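# Results of the structural survey
Given next are the chains, with one letter for each unit.
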Amino acid sequence: MSKQKFTILKSQAVPLPIENIDTDQIIPARFLKATTREGFGENLFRDWRYDGEGNPKDFVLNDPTYSGQILVAGKNFGCGSSREHAAWAIVDGGFRVVISSFFADIFKNNALNNALLPCQVSDAFLATIFKAIDANPKTVVTVDLENQKIVLEDGSEESFDINPYKKTCMINGYDDIDYLLNLRDEIKKFEVTQP
C-alpha cells in the first residue's frame, strides 16, 4: 500500500511538553482490539483527553488554540510497549510528524513504517520550538525531509537524521513492497546476468 509522498511540510504544531510519554498513554491498551489502522485517532491520548464519562479534559488536543500536522513532544517519546498501534493512532489523529529530543527505538521504527516522520532534535532546539509556539500558537514549522532540517519562522533551524532507505520510501510514498517493485527492472537485469 503506497503512502502519501513527503518532501516538505509547513504546518502549525501542537505542543505536548511532557517527557516519557509511553505508548499506553498514546493509545491505551483497551483500544487495541482492531487489526486495521483506521479509527485509532479518536482514542489518541484518550485518558488525557477525556474523563471516565467521556467529557473533554483541559488537554492540548481539546484546545482549539492549537492545530496542525506536527506534534512537538517532550524527551523520550514512545517509550513503553512496542505496539504499532501508537503510530497508527498518531497518523489517524492527523499528524504527519512528531518532533522530540529522543524517541524510543521501536516507536521510531514503527513510525517510519507507517509514514509518520519522527524528527529527533537537540534538547536546546526542542525548547526553542516550544518557546516559539508558546509565544505564537499559529507559528508555522517547516519540516524539510529532503534536506533533513526543521526551520522556524525566525530562521532558526536544526538538522535531523533519518535512515536513508526510510527517507527514500517517505519521499516517494513507498512502503517496503512498493520499494521492491520500483527496483523490478534492476532485479530483472541482475537475474539475467546470473547463471
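The preceding data block contains the structure.
Calculation rules
- Residues numbered from 1 in each chain as written.
- Predicted model: local features only at pLDDT ≥ 70, side-chain atom pairs only at ≥ 80, totals over all residues.
- Heavy atoms only, no water.
- Salt bridge = Lys/Arg side-chain N within 4 Å of Asp/Glu carboxyl O.
- Helix = DSSP H or I, 4+ residues; strand = E, 2+ residues; numbered from the N terminus.
- Buried < 20%, exposed > 50% of the residue type's maximum accessible area, 1.4 Å probe, protein only.
- Contact = heavy atoms within 4.5 Å.
- Phe/Tyr/Trp six-rings, centres within 6.5 Å; stacked < 30°, edge-to-face > 60°.
- Pairing = 2+ DSSP bridges.
- Axes fitted to C-alpha atoms, helices over the stretch in contact; angles between N-to-C directions.

### Digging into the pattern of salt bridges
- As enumerated under the stated definition, the model contains 3 salt bridges in all.
- The closest approach of N and O atoms between lysine 75 and aspartate 123, which form a salt bridge, is 3.5 Å. Taken together, the positions of lysine 75 in the loop between β2 (70-73) and α3 (85-92) and aspartate 123 in helix α5 (residues 123-135) put the pair 48 residues apart, joining distant regions of the chain.
- Of the charged contacts in the structure, one is a salt bridge between lysine 149 and glutamate 157, with a shortest N-O distance of 3.9 Å.

### With respect to helix α6 (residues 164-172)
- The complete set of buried residues in α6 reads Lys166, Lys167, Cys169, Met170 and Ile171.
- The secondary structure elements touched by the buried residues of α6 are α4 (105-113), β4 (117-120) and α7 (176-182).
- In the stretch just after α6, glycine 173 is the one whose phi turns positive, near 75 degrees.

### Some remarks on the packing of aromatic side chains
- Scanning the entire structure with this criterion turns up 7 aromatic pairs.
- For the pair phenylalanine 40 and tryptophan 88, a centre-to-centre distance of 5.6 Å together with 55 degrees between the ring planes defines the contact as tilted. Of this pair, phenylalanine 40 sits in the loop between α1 (23-26) and α2 (46-49) while tryptophan 88 sits in helix α3, placing them 48 residues apart in sequence. Taken as a pair, phenylalanine 40 and tryptophan 88 share a single burial class, namely buried.
- Summarising the aromatic geometry, the rings of phenylalanine 45 and phenylalanine 59 are spaced 5.9 Å apart at their centres and angled 50 degrees between planes, so their arrangement reads as tilted. With phenylalanine 45 in the loop between α1 and α2 and phenylalanine 59 in the loop between α2 and β2, this pair connects stretches of sequence that are 14 residues apart. The burial state of phenylalanine 45 is the same as that of phenylalanine 59; both residues are buried.

### Brief notes about the sheet that holds strand β6 (residues 149-151)
- Here we have 7 strands laid out as an open sheet, ordered β4-β3-β2-β1-β5-β6-β7, and mixed in their pairing. In this open sheet, the two strands that pair with only one neighbour each are β4 and β7 (157-159). Pairs of neighbouring strands in the sheet enclose a mean axial angle of 30 degrees, with direction left out of account.
- Sheet analysis places strand β5 (residues 140-144) next to β6, joined by 3 bridges and oriented antiparallel.

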